[in-house]
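Tertiary structure, described
As a plain string of letters, each chain reads:
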Amino acid sequence: MTAPAPAVPRSEETPAPDGPSTPRRKLLVLLAAVLLLAGVGTAAVRYAADRSDRSDQEQAGGPPVHEGPLSLDAAGGRRLLLRNLAWGPHRDEIAAVPADDPDGPRTASGVKCLRFHAAAGTGICLQAEHGALDDTYHASVLDASLHELKRFPAPGIPTRARVSPSGHLVGWTVFVSGDSYAGTNFSTRTAIVDTRTWQFYDNLENFQVLRDGHPVQASDVNVWGVTFADDSGFYATVATGGRTYLVRGDLAARTLTTLHQNVECPSLSPDGTRVAYKKRVDGADPAAPWRLYVLDLATMTETATAEQRNIDDQALWADDRTLLYSMPGDYGSDLWTVPADGTGTPAVLVRSAVAPAYLG
């Protein structure tokens, strides 16, 4: 019998057949990776489609929502209007609930808005028009029955909207480039319309900025977050030179006068004495830098609220003592409240809602 030939050891440079470095093994690994990615992609698409389908179905355990008449008149008791985010056929519609029963049934208007605000029978609704390639946006001024009175182009993604207490002025802000206030690479466009004459101030960056009584000559001026004092004066944020300022705006004079630094998205109290705002705090995550503060306009004294989370919203005054603002929620956003004087603790007021406005 002939003895078997001794095995010849392979060198490190000579891989075994079908070893990890052979073309066949590489092809099999690549094919497996492609199939795995395809499976993940299919699962993601199915999940997104399933979630989209379910968003048209009534949310289990969510607030009851039914369609009905809705008016922006002050009559009929105090109400809270909001953009309804609860899943179902009325998602994204402006809806109303009694102010003293915010978890109660919602009356949906049939009008969909990305951003909304209302006062004294006038509403502002920022809407999207979905095109084949890109979305476009516009601002619709609404009457008390939520019928469109006038439409204006909005050259970017809607982000803020306000109506003056009299209902005579409406203002809004859109992102022209970028989609977040957190960084520095963004540009906004803020406009105001007088509903009595339809005079259109299409870009507040054209107003003269005054700091310490002197005109500011800068090409990097950015304006956002209007809040109205009366039918000629307003407050807003101006950014220039890497800093943000609270400014007092004068429509007749077309001026923006700086008042205080590090103020974003101001909201004037009903008594006109204070401004709630987002303040960038030292040491915070650059992607989540803001905390909710209140500024006394007479003394320029700042008060931190008890809300310690990041706030990326233009807060609303529910009354002279309480602030209302949005926070991320399971269905997009929830509305929270906190006392304006720094006491108390934050509390959820309304689930699945954003863009609030009080009437009555």
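This section reports on the structure supplied with the text.

Quick look at unusual backbone geometry
We note that D92 has phi near 75°; this positive angle belongs to a residue other than glycine. Assessed through its relative accessible area of 21%, D92 is described here as partly exposed. In this structure, L146 is a non-glycine residue whose phi angle is positive, near 65°. For L146, the position within the fold is in the loop between β7 (135-142) and β8 (148-154).

Some points on the state of the cysteines
Taken as a whole, this structure holds one disulfide when the rule is applied. Paired through a disulfide, C113 and C125 show a sulfur-sulfur distance of 2.0 Å. Because the torsion about its S-S bond is -110°, the bridge between C113 and C125 counts as left-handed. Residue C113 is located in the loop between β4 (106-112) and β5 (115-119), and its partner C125 is located in strand β6 (residues 122-130); the two are separated by 12 residues in the primary sequence. Just as C113 is buried, C125 falls in that class too.

Describing the sheet that holds strand β23 (residues 316-317)
As summarised here, the arrangement of the four strands in space is β23-β24-β25-β26, forming an open sheet in which the pairing is antiparallel. The sheet terminates laterally at β23 and β26 (347-350), the two strands that pair on one side only. Pairing analysis gives two bridges linking β23 to strand β24 (residues 322-327), with the strands arranged antiparallel. Paired with L316 across the bridge in β24 is L324.

What about the pattern of salt bridges?
Tallied over the full model, the rule gives 15 salt bridges. For D271, the salt bridge identified is with R274, shortest N-O distance 3.1 Å. R274 gets classed as buried once you look at its relative accessible area, which sits at 18%. In this structure, a network of salt bridges that share partners links the residues E129, E148 and R151.

A closer look at the packing of aromatic side chains
This structure, assessed with the given rule, holds 12 aromatic pairs. Aromatic side chains W172 and F200 sit 6.1 Å apart centroid to centroid with 25° between the ring planes, which places their arrangement in the stacked category. Taken together, the residues span a long stretch of sequence, with W172 in strand β10 (residues 169-177) and F200 in strand β12 (residues 199-201) at a distance of 28 residues. The class for W172 is buried, based on a relative accessible area of 2%. Put simply, the rings of F152, W172, W198 and F200 pair up and form one aromatic cluster. The ring centre of W290 lies 3.6 Å from the NZ or CZ of K278, which sits over that ring. Above the face of the W336 ring, R309 is positioned so that its terminal group lies 4.0 Å from the ring centre.

Quick notes on the rules
- Residues numbered from 1 in each chain as written.
- Predicted model: local features only at pLDDT ≥ 70, side-chain atom pairs only at ≥ 80, totals over all residues.
- Heavy atoms only, no water.
- Buried < 20%, exposed > 50% of the residue type's maximum accessible area, 1.4 Å probe, protein only.
- Helix = DSSP H or I, 4+ residues; strand = E, 2+ residues; numbered from the N terminus.
- Disulfide = S-S within 2.5 Å.
- Pairing = 2+ DSSP bridges.
- Salt bridge = Lys/Arg side-chain N within 4 Å of Asp/Glu carboxyl O.
- Phe/Tyr/Trp six-rings, centres within 6.5 Å; stacked < 30°, edge-to-face > 60°.
- Lys NZ or Arg CZ within 6 Å of the ring centre and 35° of its normal.

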